[in-house]
Amino acid sequence: MRIVVRASDARIARDAQTQLNAAGVESAALVGAVRTAPNGEDIAIYPAAEEALIGQPGLSTSPLANLAGRRWSAPPPRGLTEVGPFLGSLALDAPPKLLAAQIEGWSRVVIAEEERARRVLTAQALSAPTPQPMEPRRLKALYIGAPSSMFLALERALSEQDGIVAAAFSSYTGFDHLHDEPFDAVVLNGAQDAQTAISLCAALRRNATLFHLPTMVIVASGDTTTAKAVIDRGAAAVATVNAPCGSSLGWLFEAIRRERRRRSAEHEMRALRDLMGDPLTGLWRRPAFDAHLARLAADHHASGRPMSLAVLRVMPAHGASAPPEAVWRRGFTEVASLAGRLMRDADCGALFGGDLIAVALPASRLKSAKRTAERIASVAECTAFAAGDGSVGPLVFEQSAVELQPGESGGGMLARALRAIEVEAIPA
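Residues numbered from 1 in each chain as written. Predicted model: local features only at pLDDT ≥ 70, side-chain atom pairs only at ≥ 80, totals over all residues. Heavy atoms only, no water.

**Observations regarding the overall build of the chain**
Filter applied, for reference: Going along the chain from the N terminus, every DSSP run of H or I of four or more residues is numbered as a helix, and every run of E of two or more is numbered as a strand. Atoms considered for the radius of gyration are the C-alpha atoms alone. The globule rule reads 2.2 Å times the number of residues to the power 0.38. In this description, contact between two residues means that some pair of their heavy atoms is separated by no more than 4.5 Å. To be clear on the numbers: accessible area is Shrake-Rupley with a 1.4 Å probe, and residue cover counts the displayed protein chains and nothing else.
From N to C terminus, the chain includes 11 helices and 18 strands. In terms of C-alpha radius of gyration, the chain reaches 24 Å, essentially the compact-globule figure of 22 Å for 428 residues. Projecting the C-alpha coordinates of the chain onto the three principal axes gives extents of approximately 70 × 55 × 40 Å. Within the chain, counting contacts between residues at least 6 apart in sequence, those at least 24 apart form 68% of the total. About 19,100 Å² of surface is accessible on the chain, with carbon and sulfur atoms providing 53% of the total.

Pasting the structure below:
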């Protein structure tokens, strides 16, 4: 993502840029409201007290997100909606790992929301029905660990937003809750048992369903080791036992708002995909894919953001006997379904003929397309399906990946990827 810091004062802009660089986030620092960022911008960050720059005459850029750069001690207001001209907020003075995670989280949200809007347009052009939005859900958090005063503070904060808090006093019971019902956040009490809290935090990141769940960890006074360990494992906030927790709760709410936006966008993206695709595989029907690929290419030319595409050809392993046609069709459908689950929700894929899968990746460089193709191939190559006589046929994958070139159409990009594996463009 192209990230720009905008400020009226050069020192403020440089300080924010230094904090982002420390987090491994490349950014440009621009002073004043009338200059445009080199090669466009995707996320604009406005340090504290710089929101007056938004909407100034001459500021011609339209980033995907305007974010407020705040101090950790001055979080945004609690609640489920952001107040003011910003989409969301960042803690510029947060530990580098946490700041990088906040940037990554917002990048994921804005890519999803842009792709949702694009799919709506494609669906309208194809006269597809409009999907139902995600049903609103009551705010709910889970507290795991020994009783503490922090539970009361959390309960009070959520009740102000008509939310509720459930409690589990052991990690086993806590994970049962997390798998049985949806939560907006989890709070882990690591003040008495730091190692369990660290392990729980890490376990959440290893679970595909719970990976993005906003997490706050309570640590003992002065325990900077545990605080760093849980942030390294994806915690959104850390609070100290028996100390004011207002700032930490404020940033936990910010993570909840961001995660709710992401879930809503991805829910609608999946619904639109299913309306224009095959629910069995999670891939698009070819006419819808071609139309959307053309829209993707046009939009990425207009925005200057990169876009990539991967093609995989599925074949029986060299030396293996070819399975009967019906068995191959069934096995190829299983591979296609697997590919649909292994790509991002913002990506779109389609089947070409009886052995090809194409995947288009918005806002992604060539390396992302290669990585996606390799992930699909490495998982699917471990999958064998039984032929009619009970034997197992291993699979191999030819892979091709390309990045959108200046002036190139979506169809031209696809044809170039197909030629790389010696396949002529396949008519729809």
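There is more to say, and it comes next.
**Here we look at the sheet that holds strand β6 (residues 140–144)**
Inclusion rule: A strand pair is defined by DSSP finding two or more bridges across the two strands. Throughout, an axis means a line fitted to C-alpha atoms (over the contacting stretch in the case of helices), and angles, computed between N-to-C directions, take values from 0 to 180 degrees.
Read across the open sheet, the five strands follow the order β7-β6-β8-β9-β10; overall the sheet is parallel. Lying at the two open borders of the sheet, with one neighbouring strand each, are β7 (164–168) and β10 (237–240). Neighbour-to-neighbour, the strand axes of this sheet turn through a mean angle of 20°, independent of strand direction. By the bridge criterion, four bridges tie strand β9 (residues 215–219) to β10 in an arrangement that is parallel.

**Some details on the nonpolar core**
So the rule is basically this: Each nonpolar core is a collection of buried residues, namely Ala, Val, Leu, Ile, Met, Phe, Trp, Tyr and Cys, held together in the definition by side-chain atoms within 4.5 Å. For every residue, the accessible area obtained with a 1.4 Å probe (protein chains only) is divided by the maximum for its type, and the residue is called buried under 20%, exposed over 50%, and partly exposed between those limits.
Judged by nonpolar contacts, the single largest core of 53 residues is most densely connected at L142, L154, L178, L188, M216 and L252. Setting aside anything within four residues of it in sequence, one finds L154 in contact with Y143, V165, V187, L249 and L252. Membership of the second largest hydrophobic core comes to 27 residues, among which are A128, A288, M307 and A417.

**Observations regarding the pattern of salt bridges**
Applied cut-off: Salt bridges are defined as contacts in which a side-chain nitrogen from Lys or Arg sits within 4 Å of a carboxyl oxygen from Asp or Glu.
Counted according to the given criterion, the structure contains 32 salt bridges. Between D42 and R2 there is a salt bridge, with the nearest N and O atoms lying 2.8 Å from each other. Placement of D42 in the loop between β2 (28–31) and β3 (43–47) and of R2 in the segment before β1 (3–7) is noted, with a sequence separation of 40 residues between them. Given the relative accessible area of 2%, D42 is considered buried. Classification of R2 by relative accessible area gives buried; the value is 19%. For D232, the salt bridge is made with K228, and the minimal N-O distance between the two is 2.8 Å. Of the two residues, D232 and K228 are both situated in helix α6 (residues 224–232); the distance of four residues between them amounts to about one turn of the helix. Within this structure, R2, D42, E114, E115, R118, R119, D299 and R305 form a network of salt bridges that share partners.

**Describing helix α10 (residues 366–380)**
Spelled out, the test is: Any helix carries an expected span of 1.5 Å times its number of residues minus one. Throughout, the arc means the angular range of directions from the helix axis out to the C-beta atoms.
With 15 residues, α10 extends 21 Å between its outermost C-alpha atoms, agreeing within 8% with the 21 Å of an ideal straight helix rising 1.5 Å per residue. Burial in α10 covers these residues: S368, A369, T372, A373, I376, A377 and A380. Projected down its long axis, α10 shows its buried positions confined to an angular sector of 165°, all on one face. Elements that come into contact with the buried residues of α10 comprise β13 (307–316), α9 (325–342), β15 (356–362) and β18 (395–403).

**Re the packing of helix α4 (residues 171–180) against helix α5 (residues 194–205)**
Packed helices, taken two at a time, are described by the angle between their axes plus the distance between the axes. Threshold: Should an angle fall under 35 degrees it is taken as roughly parallel, and over 145 as roughly antiparallel, whereas 65 to 115 is taken as roughly perpendicular and any remaining angle as oblique. Helix crossings get a hand from a simple test, with the near helix turned counterclockwise from the far one by less than a right angle marking a left-handed crossing and a clockwise turn marking a right-handed one. Think of it as three bins: nonpolar holds Ala, Val, Leu, Ile, Met, Phe, Trp, Tyr, Cys and Pro, charged holds Asp, Glu, Lys and Arg, and polar takes everything else, Gly as well.
Following both chains from N to C, one finds α4 and α5 inclined at 25°, their axes separated by 12 Å at the closest point. Taken together, the axes of α4 and α5 are roughly parallel relative to one another. Crossing of α4 against α5: the hand is right-handed. Residues S171, F175 and L178 of α4 touch α5, and the partners they reach there are T196, L200, A203 and L204. For the contact of α4 with α5, the residue count by class is five nonpolar, two polar and no charged.

**A word on the layout of surface pockets**
The line we're drawing: In the cavity and pocket records, a cavity denotes points on a 1 Å grid over the protein atoms alone where a 1.4 Å probe fits but cannot get out, a pocket denotes an open set with protein on both sides within 12 Å along at least 5 of 7 lines, and lining residues are residues with an atom within 4 Å of a point. Grid points are joined across faces, edges and corners, and a volume is the space filled by probe spheres set on the points.
Considered as a void within the structure, the largest pocket measures approximately 1,700 Å³ in volume. Looking at the largest pocket, it is lined by 50 residues, and the ones nearest its centre are R108, H212, E266, R344 and D345. Those elements giving two or more residues to the lining of the largest pocket turn out to be α2 (96–125), α4, α7 (246–275), α9 and α10. Here the lining of the largest pocket is composed, by residue class, of 18 nonpolar, 11 polar and 21 charged. What lines the second largest pocket is a set of 24 residues, and nearest its centre among them are A101, R108, F211, H212 and G234. When residues of the lining of the second largest pocket are traced back to their parent elements, those giving at least two are α2, α6 and α7. The leading source of residues in the lining of the second largest pocket is α2, at nine residues. A class-by-class count of the residues in the lining of the second largest pocket yields 11 nonpolar, five polar and eight charged.

**Comments concerning unusual backbone geometry**
One non-glycine residue, D162, lies in the positive phi region at around 60°. The topology assignment puts D162 in the loop between α3 (149–159) and β7. For D162, a relative accessible area of 53% gives the class exposed. Look at N242: it is not a glycine, yet its phi comes out positive at around 60°. Along the chain, the position of N242 falls in the loop between β10 and α7.

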